[in-house]
Amino acid sequence: MDMNNVNIEEIVKQVLSGMTGTAPAAAQTAAPAAPAQGGIPKTARVAMMTEKKHFELQEYPLPEVGDDDILVKVEGCGVCGTDAHEYKNDPFGLIPVVLGHEGTGEIVAMGKNVKVDTAGKPVKIGDKVVTCMIFKDDPEITMFDLNKKNVGGADVYGLLPDDDVKFNGWFADYIFIRGGKFGSTFFNVSDLDLDSRILIEPCAVLVHAVERAKTTGILKFNSRVVVQGCGPIGLICIAVLHTMGVQNICAVDGNAKRLEFAKKMGANTTVDFTQFKGIEALTEGVKAAQDGHLADFAFQCTGNPHAHANIYKFIRNGGGLCELGFFINGGDATINPHFDLCSKEINLVGSWVYNLRDYATTFDFLKRAKAIGLPMSDLITHKFPLEQINEALETNLAMTGLKIAVVNK
């Protein structure tokens, strides 16, 4: 698949085109089922997106756990921009669908063949887990040969077509992790608290981005770094850089509260672009924040084409840029290739999601971030129960908080 010439909608449609499933008639809207003997109910709820901007809680029988399968009781799941994108417009054509891919929960049942997670760590009933990619069409991939292939060539729980399993996403009471040739990957993260586990997936995006940036050979401990965009992605980017020892970080955004949060995550200077008229004045503001210097390296974390066009001005000759803001097609950006790229010899890398190795690295990042006092949990500004999932998605779309999560009772 040519990752340079397609956008996420096309990628997902290609991935899903080969997958089929027969969905039974929709179940009735349901309250939580009473647990059966042993604590696992016979039926459970999913938040089924039945039309644009609408979820219904529907109850279905829990699937029988096979020798290679795992049943997980969901504890919580972050709301991703991809979830909001699907909720608003259904660009992937998935309706009806159970969304949620930033989830975590506790193993309550597993097949006899399940002994270790994807990294080889032992697992047992009661362990806390997260899912990563599903390599149904590429089952030979392992932790150690996945240096150049990211999630774009795989499936994920929370973006699977509806089928007779039903429990395919984390916006539910339970999720069913299919074993065998289905190609699921999962990790035992019992040593992380719930908030940290909910943040694993978005943090992996930034661990991957920083690893991509390091391939340029420019990003060093003493580099002057600009991070443009202080939403959850930009704030986590600052945290990853700070945790790795980068001290000279300038955050650029137009929201004063987010810029203040950026300082808590490790930025030592901030620039409010609303206080400047024109790109020349803004560039001078960025230079002033860095003692008169342009950046050695920059991370562009917004999906705004104008922001992409502007950021080249903030970078010194021979500097580097990692563009990671355009997870979806946000439109064309206009640059002057001579002045912005060629004559400055900018080292440009793109970054899109993550790979398995990044996921495992992220666990250590979260532990280190907590150990040095970064307020990672404060990124989660709103928590909603499953019954209020529509409100959770609307809050995400309204951009009234940072990270939104659905947390089960």
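Residues numbered from 1 in each chain as written. Predicted model: local features only at pLDDT ≥ 70, side-chain atom pairs only at ≥ 80, totals over all residues. Heavy atoms only, no water.

Some remarks on the environment of Leu 348
The following threshold applies: Put simply, DSSP H or I for four residues or longer makes a helix, DSSP E for two residues or longer makes a strand, and each gets a number counted from the N terminus. With a 1.4 Å probe rolled over the protein chains alone, any residue whose accessible area is under 20% of its type maximum counts as buried; one over 50% counts as exposed, and the rest are partly exposed. Here, residues are in contact when the closest pair of their heavy atoms is within 4.5 Å.
Mapping Leu 348 onto the fold places it in strand E15 (residues 347–350). Of the residues examined, Leu 348 reaches a relative accessible area of 40% and is grouped as partly exposed. Along the sequence, Leu 348 and Cys 322 sit 26 residues apart, while their C-alpha atoms lie 6.0 Å from each other. Discounting chain neighbours no more than four positions away, the residues touching Leu 348 are Tyr 312, Leu 321 and Leu 341.

With respect to the pattern of salt bridges
Once their charged atoms are close, side chains differing in charge can pair, the charge on each being opposite to the other. Stated formally: Salt bridges are identified by distance alone: a Lys or Arg side-chain nitrogen within 4 Å of an Asp or Glu carboxyl oxygen.
The final tally for this structure, using the stated rule, is 16 salt bridges. Residue Glu 102 is joined to Lys 403 by a salt bridge in which the shortest nitrogen-to-oxygen separation is 2.8 Å. Note that Glu 102 is positioned in strand E5 (residues 102–110) and Lys 403 in strand E17 (residues 403–407), a separation of 301 residues in sequence. Look at Glu 102 and you get buried, because its relative accessible area is 2%. Overall, Lys 403 belongs to the buried group, its relative accessible area being 7%.

Focus: the confidence of the model for the protein chain
As a reminder of what qualifies: Each residue carries a pLDDT score, the predictor's own confidence in it, on a scale running from 0 to 100.
Mean pLDDT over the protein chain stands at 90; residues scoring 70 or higher make up 86%. Note on residues 1–9: pLDDT is under 50 here. Beyond four places in sequence and across chains, it has 18 contacts. Considering only residues more than four positions removed or in separate chains, one finds that residues 14–26, a stretch of pLDDT under 50, has 26 contacts.

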